[in-house]
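Descriptive analysis of the structure
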Amino acid sequence: IPKNGEPMDKPQPEHISLADFLTWEQQQPERHEWIDGTIVHCRGGSDDHAAIISNLNAALHAAVGTRPCFVRGSDRQLVPRDKENNDLGSFYADLFVSCASEDRIGGAAHFPTVVIEVLSEHSGQEFTRKQRAYLGSAKLRDYVVIESTSRYTHRYSWKMENGVRRLVYCQQRRGPVDVPSLKVSLTFDEIYAGTSMPAILHPISSADEEESEIILD
């Protein structure tokens, strides 16, 4: 019997609906994410992982400035919702920016404009599995994935061209990494400052960093 009204640490189910997970997780002493019916325990990262997040946090706060947007980290639950207001998953993104006033209240944010995830050494395929949930979020404009064991980034951006909304992808080894929705470019030196990742000295063709269109199934 729990003491002082404290919730019990219930066993982790093998498969669970998102609605049941959101209730279950409130009763856990540690944080978990829900990805396609699977529960993933949130683990800590390396010093380089922490340094990259700190660098990006400062850059995003500077980019947001006085706009009615705000930056949050992994201490805020993120439950992205699509245009029909359906919940798509439950995550603790390393960083996200929201410009939705409703995200300032309640236990979770739902409508991020920008999501940034920094991969850790033990990251498996969960980030690939998160991709569809993030990209399905109603107001998402940019999703950026940063490697923490090498200088490498991935960016997915929704763009409007001639009235058509299309998704573009760019993988980069030298930067700068553009975040179009915030009108900011992040240099690799800025992203990886204070980490053990050495700068890449060999030349890289600019063709390796061009945007390509993505067609979602």
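Heads up: these notes are all about the structure in this document. Numbers given for residues are sequential positions, taken from 1 along each chain in its written order. Local features are withheld for residues below a pLDDT of 70 in this predicted model, meaning they are given only at 70 or higher, and side-chain atom pairs are given and counted only at 80 or more; totals for whole chains, interfaces and linings count all residues. Heavy atoms from the whole structure form the basis of all side-chain values; hydrogens and water molecules are not counted.

Some remarks on the nonpolar core
The tendency in soluble globular proteins is for nonpolar side chains to be buried as a group. Definition of nonpolar core: a set of buried residues of the types Ala, Val, Leu, Ile, Met, Phe, Trp, Tyr and Cys, connected through side-chain atoms within 4.5 Å. Between buried and exposed lies partly exposed: a residue is buried under 20% and exposed over 50% of the maximum accessible area for its type, with that area taken using a 1.4 Å probe on protein chains only. Grouped together as the largest cluster of nonpolar side chains are 25 residues, with contacts concentrated most on L56, I146 and I191. Helix and strand assignments follow DSSP, with helices taken as H or I runs no shorter than four residues and strands as E runs no shorter than two, numbered in order from the N terminus. Those elements that place two or more of their residues in this core are α2 (47-64), β5 (95-98), β7 (112-118), β8 (142-146), β11 (177-179), β12 (184-186) and α4 (188-191). Tallying contributions element by element places α2 first for this core, with seven residues. I146 has contacts with I52, L56, I116, E117, V118, L119, Y152, T153, I191 and Y192, leaving out every residue within four places of it along the chain. Membership of the second largest hydrophobic core comes to 20 residues, among which are A109, L140, Y143 and Y156. Every residue pair with non-hydrogen atoms within 4.5 Å of one another is taken to be in contact.

Re the state of the cysteines
By convention in this document, the label disulfide applies to cysteine sulfur atom pairs within 2.5 Å. Under the criterion given, the structure shown has one disulfide. Each sulfur in the disulfide pair C69 and C99 lies 2.0 Å from the other. Judged by the sign of its S-S torsion, about 100°, the bond between C69 and C99 is right-handed. Here C99 lies in the loop between β5 and β6 (108-109) and C69 lies in the loop between α2 and β3 (70-73), a separation of 30 residues in the sequence.

Observations regarding the pattern of salt bridges
Oppositely charged side chains may form a pair once their charged atoms are brought near each other. Salt bridges are defined by distance alone: a side-chain nitrogen of Lys or Arg within 4 Å of a carboxyl oxygen of Asp or Glu. Inspection of every chain in the model, using the stated rule, returns eight salt bridges. A salt bridge links E117 to K130, with the shortest nitrogen-to-oxygen separation between them at 3.3 Å. Taken together, the residues span a long stretch of sequence, with E117 in strand β7 and K130 in helix α3 (residues 126-135) at a distance of 13 residues. For K130, a relative accessible area of 2% puts it in the buried group. Between E161 and R166 there is a salt bridge; the shortest N-O distance is 3.1 Å. Relative accessible area serves as the criterion here: at 36%, E161 is assigned to the partly exposed category. What you see here is one network of salt bridges that share partners, running through R155, K159 and E211.

Looking at the environment of V168
Inspection of the secondary structure assignment puts V168 in strand β10 (residues 164-172). Separated by 42 residues in the primary sequence, V168 and E210 have C-alpha atoms spaced 9.7 Å apart. Ignoring any residue separated from it by four or fewer positions in sequence, one finds V168 in contact with R155, Y156, S157, K159, E211, S212 and E213.

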